[in-house]
Amino acid sequence: MFLIMDDVMDGSVTRRGQPCWHTLDDVKLSGVNDAIMIEAAIAHLVKIQYGNEPYYPRLLELFNEMKFITTIGQSLDLRSAKLDVTDYSMDLYKSIVFHKTAYYTFYLPVAMAMHLTGYTDPEMFRQAKTILLEIGQFYQTQDDFFDCFGDPAVIGKVGTDIAEGKCSWLAVVAMQRATEEQKEVMKACYGSTDPENIARVKKLYEQLGLPTTYSIYEEESYNMIKTHIQQISRGLPHELFFKIMEKIYRREA
């Protein structure tokens, strides 16, 4: 549901190697209603499957919390694109990622599984959330890198972060490193749909050594998160979190 809506708001054309739903001639903006129907269907299916279970209210609360948090993240993402690129900061970036991506992509499925299997200790949920939000940050940074430097045939979509002026990890790190002259290039070209301006931004990223910086970041973050997983102390299975990390570490799409 969120991906359909995100593609509409971003004007994206492909998702996972297929045309975005809203781009189909017989769909267009009626895709917004389709997304709302999917959202309603989630609540309906949860009621059918778990309506008589004692944890049913907690599942509904969890989904409602995720919708609220994710829409805040989407709002931050869209509003940040209207800022001057020189105003981007790592704090803003992390706030967008935590709200828009990390909660519903990583915390939601694990928290659901914990409810379904009898976990009730708030401290267990807190520890799980801490680790999973770190993993979500790691995952989104990968996505930001692929958006710029990934092969569309492999990642399944055409990157749009530069053209949309998104507060991405690459843009934030670039602004941290750029000279005044390079900042002027970013201000002139970032957020432009002109292919030449997009190419200038990518070239600037390369001049600033961001592909190498990303590789170092990926390795260091992976090792840090592994250490944090090993420090979980309240009975959560470490193997679960290691398996999640294995799925995304050094992924190509």
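As a starting point, this report considers the structure included with it.

Rules and cut-offs
Residues numbered from 1 in each chain as written. Predicted model: local features only at pLDDT ≥ 70, side-chain atom pairs only at ≥ 80, totals over all residues. Heavy atoms only, no water. Helix = DSSP H or I, 4+ residues; strand = E, 2+ residues; numbered from the N terminus. Expected span 1.5 Å × (residues − 1). Buried < 20%, exposed > 50% of the residue type's maximum accessible area, 1.4 Å probe, protein only. Contact = heavy atoms within 4.5 Å. Salt bridge = Lys/Arg side-chain N within 4 Å of Asp/Glu carboxyl O. 1 Å grid on protein atoms, 1.4 Å probe; cavity = no way out; pocket = protein on both sides within 12 Å on 5 of 7 lines; lining within 4 Å. Points joined across faces, edges and corners; volume = space filled by probe spheres on them. Domains from an automatic or database assignment.

### Here's the deal with helix H3 (residues 56-80)
A rise of 1.5 Å per residue sets the reference length of H3, with its 25 residues, at 36 Å; its end C-alpha atoms lie 36 Å apart and thus fit the reference within 8%. All of the buried residues in H3 are Tyr 56, Leu 59, Leu 62, Phe 63, Met 66, Ile 69, Thr 70, Gly 73, Gln 74, Asp 77 and Ser 80. Those residues of H3 hidden inside the fold are in contact with helix H1 (2-10), helix H2 (30-50) and helix H4 (90-116).

### Digging into the pattern of salt bridges
In total, this model carries 13 salt bridges according to the counting rule given. In this structure, Asp 143 and Arg 251 form a salt bridge, with 3.0 Å as the shortest nitrogen-oxygen distance. Within this pair, whereas Asp 143 is found in helix H5 (residues 122-149), its partner Arg 251 is found in the segment after helix H12 (238-248), the two being separated by 108 residues in sequence. Looking at Asp 143, the relative accessible area reads 21%, which means it is partly exposed. Taken together, the shared-partner salt bridges in this structure form one network comprising Asp 6, Asp 7, Asp 10, Arg 15, Asp 77, Lys 100, Glu 164 and Lys 166.

### Details of the layout of surface pockets
Here the largest pocket defines a volume of roughly 800 Å³. Residue lining of the largest pocket: 36 residues in total, with Leu 3, Arg 15, Gln 140, Asp 143 and Lys 157 positioned closest to the centre. Only H1, strand S1 (14-15), H3, H4, H5 and helix H7 (161-164) provide two or more residues apiece to the lining of the largest pocket. Among the elements that line the lining of the largest pocket, the one with the most residues is H4, at 7 residues. Counting residues domain by domain, the lining of the largest pocket receives three or more from each of domain 1 (1-52) and domain 2 (56-248).

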